[in-house]
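Examination of the molecular architecture
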Amino acid sequence: MAYNTVGGSTSAAGNIVAFNHDLGIAKWEDGVENYIANNSIHNNDNVGLRINVNTLVTDNNVYDNGVNRIEVPVDTLSIVNQHWGPQGRTDTYFVHYTCITCELEIPSHTTLTLEPGARIRMDYNRTIKVAGTLNVLGTNERPVTLTGPRDSIWAGDWNGITFAPGSTGQIQYADISFAKTGITNQGQVTVRDLSLIHI
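Here is a short report on the structure shown in this document. (Residues numbered from 1 in each chain as written. Predicted model: local features only at pLDDT ≥ 70, side-chain atom pairs only at ≥ 80, totals over all residues. Heavy atoms only, no water.)

Here we look at the sheet that holds strand E15 (residues 127-130)
As summarised here, the arrangement of the four strands in space is E12-E15-E18-E20, forming an open sheet in which the pairing is parallel. Both outer strands of the open sheet, strand E12 (104-106) and strand E20 (183-185), are each paired with one neighbouring strand and no more. In this sheet, adjacent strand axes meet at a mean angle of 10° when their direction is disregarded. Across three bridges, E12 lies against E15 in parallel orientation. Along E15, the bridge assignment pairs glutamate 105 with lysine 129. (Pairing = 2+ DSSP bridges. Helix = DSSP H or I, 4+ residues; strand = E, 2+ residues; numbered from the N terminus. Axes fitted to C-alpha atoms, helices over the stretch in contact; angles between N-to-C directions.)

Details of the state of the cysteines
Should the sulfur atoms of two cysteines be covalently bonded, the bond is a disulfide. If you walk through the whole model with that rule in mind, you get one disulfide. Across a sulfur-sulfur distance of 1.8 Å, cysteine 99 and cysteine 102 are joined as a disulfide pair. For the disulfide bridge between cysteine 99 and cysteine 102, the dihedral angle about the S-S bond is near 105°, and by the sign convention the bridge is right-handed. Classification of cysteine 99 by relative accessible area gives partly exposed; the value is 28%. Take cysteine 102: its relative accessible area is 18%, and that puts it in the buried class. (Disulfide = S-S within 2.5 Å. Buried < 20%, exposed > 50% of the residue type's maximum accessible area, 1.4 Å probe, protein only.)

Details of the environment of threonine 55
Tracing the backbone shows threonine 55 in the loop between strand E6 (47-50) and strand E7 (56-58). The buried category is assigned to threonine 55, whose relative accessible area is 1%. C-alpha of threonine 55 to C-alpha of aspartate 22: the two residues are 33 residues apart in sequence and 20 Å apart in space. Not counting residues up to four positions away in its chain, the partners in contact with threonine 55 are Asn34, Ile36 and Gln82. (Contact = heavy atoms within 4.5 Å.)

Section: the side chain of asparagine 52
Tracing the sequence through the fold places asparagine 52 in the loop between E6 and E7. By relative accessible area, asparagine 52 is classed as buried at 1%. Among the polar contacts listed, one links the side chain of asparagine 52 to the backbone nitrogen of asparagine 54, at a separation of 2.8 Å. (Polar contact = N/O pair within 3.5 Å; in protein donor to acceptor, adjacent residues only side chain to side chain.)

Thoughts on the packing of aromatic side chains
Tallied over the entire structure, the rule returns one aromatic pair. Both rings, one in tryptophan 84 and one in tyrosine 93, keep their centres 5.2 Å apart while their planes meet at 10°; by these two values the pair is stacked. The buried category is assigned to tyrosine 93, whose relative accessible area is 0%. Taking NZ or CZ as reference, arginine 126 lies 4.5 Å from the ring centre of tyrosine 97, over its face. (Phe/Tyr/Trp six-rings, centres within 6.5 Å; stacked < 30°, edge-to-face > 60°. Lys NZ or Arg CZ within 6 Å of the ring centre and 35° of its normal.)

Quick word on the nonpolar core
Counting 40 residues, the largest nonpolar core has Trp84, Ile128, Leu134 and Leu146 as its most contacted members. If one sorts the elements of this core by residue count, strand E19 (residues 168-177) sits on top with three residues. Apart from the residues within four sequence positions on either side, tryptophan 84 is in contact with Val53, Val72, Tyr93, Val95, Leu104, Leu112, Thr113, Leu114, Glu115, Ala118 and Ile120. (Core = buried A, V, L, I, M, F, W, Y, C linked by side-chain atoms within 4.5 Å.)

Some thoughts on the pattern of salt bridges
All told, the structure shown has five salt bridges when counted by the stated rule. Across the salt bridge formed by glutamate 71 and arginine 69, the nearest N and O atoms sit 2.8 Å from each other. Look at arginine 69 and you get partly exposed, because its relative accessible area is 24%. Note that aspartate 193 and arginine 192 form a salt bridge whose closest N and O atoms lie 3.5 Å from each other. According to the relative accessible area criterion, aspartate 193 is partly exposed, its value standing at 43%. Because the salt bridges share partners, they merge into one network encompassing Arg50, Arg69 and Glu71. (Salt bridge = Lys/Arg side-chain N within 4 Å of Asp/Glu carboxyl O.)

Take it as geometry only, folks, not as evidence of what the structure does.
Written out as structure tokens, the structure reads:
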């Protein structure tokens, strides 16, 4: 059970969060599991959603905000199953650092699933470190994109994905671009239909 809920289990139970001078919905304290579902978040001057890595977001319609992305500070995943996918017309998650040594970490016994059409922008010199499970589940029509923080012509903006011994995952229909190393695999990972661009 989430500690804080914004919205509900159906679109009729959701909220309209619109025309604010700054953010639409801002995250609660790190480490608190929050649930944001079935809201319409639009026409806010800044970012529509700023959440922590353990916030569950599903079936929101996020569009026409000043910055059309979902912002997530790098941190350690602590919930068992996390899913990141498009929220209405917004498909981009910007994973940014708040400290020099912070990384997006997926510990053992936790799973992060990137759903079809998701676009993950990793901040400069950040790594996705997998000790648990990372599933990148793009489709032919809607691949998953993992890339750096900007539209760039330079390789090496972010570090890439590292699978530790004992980790698992599957990567299908994914485009990984502008990393120092696309994938470092010491785990058990199935890869198919992968594009590595400017690595």
